[in-house]
Amino acid sequence: MFATLLESPARPERSTTGTIISVIFHSAILALALMASHDISTARSSPPDEAITYVAPPQPVPLAAPQAPAAIASAVRPALGFAVLQSPIAIPDVLPTVDLSRAVTDEAQFTGRGGVAGGTPDGIVGGTPLPPGGIGGVFALDAVEKAAMAIAGTGTPNYPPLLRDAGIEGTVRIRFVIDNTGRAEAGSLSIVSSTHELFSGAVERAVPRMRFKPAEVRGMRVRQWVEMPLVFSLRR
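Residues numbered from 1 in each chain as written. Predicted model: local features only at pLDDT ≥ 70, side-chain atom pairs only at ≥ 80, totals over all residues. Heavy atoms only, no water.

Draft legend 1. Local environment of the pairing of strand E10 (residues 220-235). Direction of pairing for strand E4 (residues 138-139) relative to E10: parallel, over a ladder of 2 bridges. Paired with Val138 across the bridge in E10 is Arg223. Relative to E10, strand E6 (residues 170-178) runs antiparallel, the two sharing 9 bridges. The residue bridging Ile174 from the neighbouring strand is Met228, located in E10. (Pairing = 2+ DSSP bridges. Helix = DSSP H or I, 4+ residues; strand = E, 2+ residues; numbered from the N terminus.)

Now the structure itself:
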């Protein structure tokens, strides 16, 4: 009974060519998967650098300012006329150093020339005389002789982390008064336009840290309106 063996079906033999093709195909798939995983991990571990830039060049430059209303522009025009000597309130008890090589006064400043008291020899007919002891009010850009200039590297805003991580860029345009000490005058800041409220908050916190060279009119430091844009950008 057991002397007779049943015949099993023959097993197909795999060709050498098919084996080589299979190995090459699976190796290519594995290599592509490894490359894709490496690119993703590199992108996650190398976030873009952040940068906050001013539209103005980095060197101190005159800042842009809005056009002055007609009333303000006419109020700051120097008057044609002459200076008036002011008696000192505090009498010094020490004699100042006398430089005999220079004139004590400029005769042209006191000749009158048909103008008004408080004016200057190079003033404008119909202008407003300067008040004794200094210049008041806030000047526009076209009303000063030397415009206020930003000091590079002061008051740079911090990039909001939420917007930085999301890759969001934007611009904030601000308007404020620079006082005669070179600082932003408290309470004068206004946001003209902004692409995001988080950018606006960062700028509002940075403005008090900004420093400027004050504007000047005839050698005297004066307050000046300025309007400037700040750009938040990510270097890629």
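Draft legend 2. Up close: the nonpolar core. If you look at the biggest cluster of nonpolar residues, it comprises 26 residues, and the most contacted ones within it are Val144, Ile174, Phe176, Val203 and Phe232. Breaking this core down by element, the ones donating at least two residues are E6, helix H4 (197-206), strand E9 (215-217) and E10. When residues in this core are grouped by element, the largest group, 6 residues, is from E10. (Core = buried A, V, L, I, M, F, W, Y, C linked by side-chain atoms within 4.5 Å. Buried < 20%, exposed > 50% of the residue type's maximum accessible area, 1.4 Å probe, protein only.)

Draft legend 3. Expanded view of H4. Of all the positions in H4, only Phe199, Ser200, Gly201, Ala202, Val203 and Ala206 are classed as buried. Summarising the contacts, the buried residues of H4 are in contact with helix H3 (161-165), E6, strand E7 (190-194) and E10. (Contact = heavy atoms within 4.5 Å.)

Draft legend 4. Highlighting the environment of Thr111. In this fold, Thr111 is placed in the loop between strand E2 (81-82) and strand E3 (116-117). Look at Thr111 and you get partly exposed, because its relative accessible area is 45%. Residues Thr111 and Pro121, 10 residues apart in the sequence, show an inter-C-alpha distance of 8.4 Å.

Draft legend 5. Molecular detail of the pattern of salt bridges. Tallied over the full model, the rule gives 4 salt bridges. In this structure, Arg164 engages Asp165 in a salt bridge whose closest nitrogen and oxygen atoms are separated by 3.4 Å. Given the relative accessible area of 27%, Arg164 is considered partly exposed. The partner of Glu185 in a salt bridge is Arg223, and the shortest N-O contact between them spans 2.8 Å. Taken as a pair, Glu185 in the loop between E6 and E7 and Arg223 in strand E10 lie far apart in primary sequence, 38 residues in all. With a relative accessible area of 27%, Arg223 lands in the partly exposed category. (Salt bridge = Lys/Arg side-chain N within 4 Å of Asp/Glu carboxyl O.)

Draft legend 6. Representation of the confidence of the model for the chain in the model. Of the residues in the chain, 60% reach a pLDDT of 70 or more, and the chain-wide mean stands at 74. Predicted confidence is poor over residues 55-75, with pLDDT under 50, and the contacts of this stretch with residues over four places away or in other chains come to 38 contacts. (pLDDT = per-residue confidence, 0-100.)

Draft legend 7. Layout of the side chain of Asp179. Positionally, Asp179 belongs in the loop between E6 and E7. Of the side chains bearing the opposite charge, Arg183 lies closest to the buried Asp179, which forms no salt bridge; the N-O distance is 6.2 Å. Separated by 3.1 Å, the side chain of Asp179 and the backbone nitrogen of Gly182 make a polar contact. Ignoring any residue separated from it by four or fewer positions in sequence, one finds Asp179 in contact with Glu185, Pro214, Val222 and Arg223. (Lys, Arg positive; Asp, Glu negative; His and termini not counted. Polar contact = N/O pair within 3.5 Å; in protein donor to acceptor, adjacent residues only side chain to side chain.)

Draft legend 8. Region of the structure containing the packing of aromatic side chains. Inspection of the entire model under this criterion finds 4 aromatic pairs. Ring plane angle 85° and centroid distance 5.7 Å describe the contact between Tyr159 and Phe199, whose orientation is recorded as edge-to-face. Placement of the pair is Tyr159 in the loop between strand E5 (149-150) and H3 and Phe199 in helix H4, with a sequence separation of 40 residues. The pair Tyr159 / Phe199 is uniform in exposure class, with both members buried. Ring centres 5.8 Å apart and planes at 50° place the aromatic pair Phe176 and Phe212 in the tilted group. Linking Phe176 in strand E6 with Phe212 in strand E8 (residues 212-213), this pair joins segments that are 36 residues apart in sequence. Judged by relative accessible area, Phe176 falls into the buried class, the value being 0%. The exposure class assigned to Phe212 is buried, which follows from its relative accessible area of 5%. Through pairs of rings, three or more aromatic residues link up here, namely Tyr159, Phe199 and Phe232. Across the ring face of Trp225, the terminal group of Arg175 is positioned such that the distance to the ring centre comes to 4.0 Å. (Phe/Tyr/Trp six-rings, centres within 6.5 Å; stacked < 30°, edge-to-face > 60°. Lys NZ or Arg CZ within 6 Å of the ring centre and 35° of its normal.)

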